[in-house]
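Spelled out from the first residue to the last, the chains are:
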Amino acid sequence: MARIDLVDLAHSYGGNGGVENYALKPVTMTWRQGGAYALLGPSGCGKTTLLNLISGILTPSRGKILFDGKDITQASTRARNIAQVFQFPVIYDTMTVGQNLAFPLRNRGVPKAEIDKRVAEIARLLDLTPDLSRKATRLTADAKQKISLGRGLVRSDVAAVLFDEPLTVIDPELKWQLRSKLKALHRELDLTMIYVTHDQTEALTFADTVVVMHDGRVVQSGTPAELFDKPAHTFVGYFIGSPGMNIIAAEVSGRQARIEGRTIALTRAYAALPSNAKVEIGVRPEFVDIAEPAPDLLSANIERIDDLGRIRFARVKVGDVKFAARVPAGFAPSTSQVGLKFQPSHVHVYADSHLVEGA
Ligand code: ATP
């Protein structure tokens, strides 16, 4: 396994020139050896492009990729020594499950005793032991994809294992099991793993570090808790969490935000923000409570209440802006008009969508 450095890496598929139109805008970051990473973002944000640059399917328009300090930007996919698992199963129907799992090792001339040991281990981890001598033909798509995962994980000497939306064809119940299992596999196998998905639950369950992409850019890389507690970009706030973070335009000065004539306290002080910047505050629904209207509270109108069992969220509107806020246990608003109570330590300030650190 390897440490992976991306140095000013960017890619354009051609077309009109400027960096602003690149499918992957310049990114510099390090992925540590043995880490579990997820590349998370909506369709078209550049996840597959980044993955294909790392695997060598694409050559970047600019920048470098280093594996353990060695420049492999121009190296072939084979020379990079990586394993890949794709959306759809890649297995040989004429072989048994065991032969399929052994194939990547045999292909590299690994001694038979070692192949047998490793295949047995991977089969055990993926609950494939009873099927080892079965022909792979006529297996369900789920079972075939499990074998594909096994083939991706079977070599212990790879620089990294890359997964491109590997659970797409898996049925929902098994998907849930495999999602947790992949995390456990990462702990046991000690491999550098990079997992591409647009599904936040998959990303947050699997990865120690989630790399969030938006419009060809890496907008934040952090632990699931960091992405939740302190979104570096309004997109991260909105994309992660359910419901996503509330974002609303505000005037910010010192330790106060002003919205619609009301003051919201902030725990940090903000020096003058650029006068032409779009200034907003962001706060997760978990840190705003609805209350009876009061002169010092931002007022809102309830549209509906979603009861999620352990927690209730009110969907409200502040002027024209949609907002979600917690309904405190036992609270039944007497009218649709309510006040919003913010937890100041969880209110973040954004200028042109980027987090501003207060002092
Ligand atoms: P998805 O989840 O839909 O696969 P993604 O996040 O993986 O999306 P990419 O496939 O990396 O996104 O695509 C990023 C951008 O590059 C998109 O605008 C896409 O249309 C464009 N793109 C991808 N492949 C090519 C290609 N071969 N030629 C031209 N443009 C491409």
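Residues numbered from 1 in each chain as written. Predicted model: local features only at pLDDT ≥ 70, side-chain atom pairs only at ≥ 80, totals over all residues. Heavy atoms only, no water.

1. Considerations on the domain arrangement of the protein
- Considered domain by domain, the protein is made up of domain 1 (4-239) and domain 2 (246-356).
- Taking the mean C-alpha position of each, domain 1 and domain 2 sit 38 Å from one another.
- Roughly 930 Å² is buried in total at the junction of domain 1 and domain 2, and carbon and sulfur atoms are behind 59% of that figure.
- Counting across the interface, domain 1 meets domain 2 through zero salt bridges.
- The interface formed by domain 1 and domain 2 includes seven residue pairs in polar contact (both at pLDDT 80 or more). (Domains from an automatic or database assignment. Buried area = accessible area lost by both parts, 1.4 Å probe. Salt bridge = Lys/Arg side-chain N within 4 Å of Asp/Glu carboxyl O. Polar contact = N/O pair within 3.5 Å; in protein donor to acceptor, adjacent residues only side chain to side chain.)

2. Points about the sheet that holds strand β10 (residues 217-222)
- With respect to topology, six strands assemble into an open sheet ordered β6-β7-β8-β3-β9-β10, the strand pairing being mixed. Unpaired on one side and paired on the other, β6 (82-85) and β10 mark the two borders of the sheet. With strand direction ignored, the average angle separating the axes of adjacent strands in the sheet is 20°.
- Judged from the four bridges that link them, strand β7 (residues 160-164) and strand β8 (residues 193-197) form a sheet pairing that is parallel. Note that in β8 the partner of Asp164 across the bridge is Val196.
- Packed onto the sheet, helix α1 (residues 47-55) meets β3 (36-40), β6, β7, β8 and β9 (209-214) and runs at close to 150° relative to β7.
- Packing of helix α5 (residues 141-153) onto the sheet brings it into contact with β6, β7 and β8, and relative to β6 it is tilted by some 170°. (Pairing = 2+ DSSP bridges. Helix = DSSP H or I, 4+ residues; strand = E, 2+ residues; numbered from the N terminus. Axes fitted to C-alpha atoms, helices over the stretch in contact; angles between N-to-C directions. Contact = heavy atoms within 4.5 Å.)

3. Concerning the sheet that holds strand β14 (residues 279-283)
- Pairing within the open sheet is antiparallel, and its four strands lie in the order β11-β14-β20-β21. On the outer flanks of this sheet lie β11 (246-249) and β21 (354-356), each paired with one strand and no other. Across the sheet, the mean angle separating the axes of adjacent strands is 40° when strand polarity is ignored.
- Here strand β20 (residues 348-351) pairs with β21 via three bridges, running antiparallel. Following the sheet pairing, Val349 is matched in β21 by Val356.

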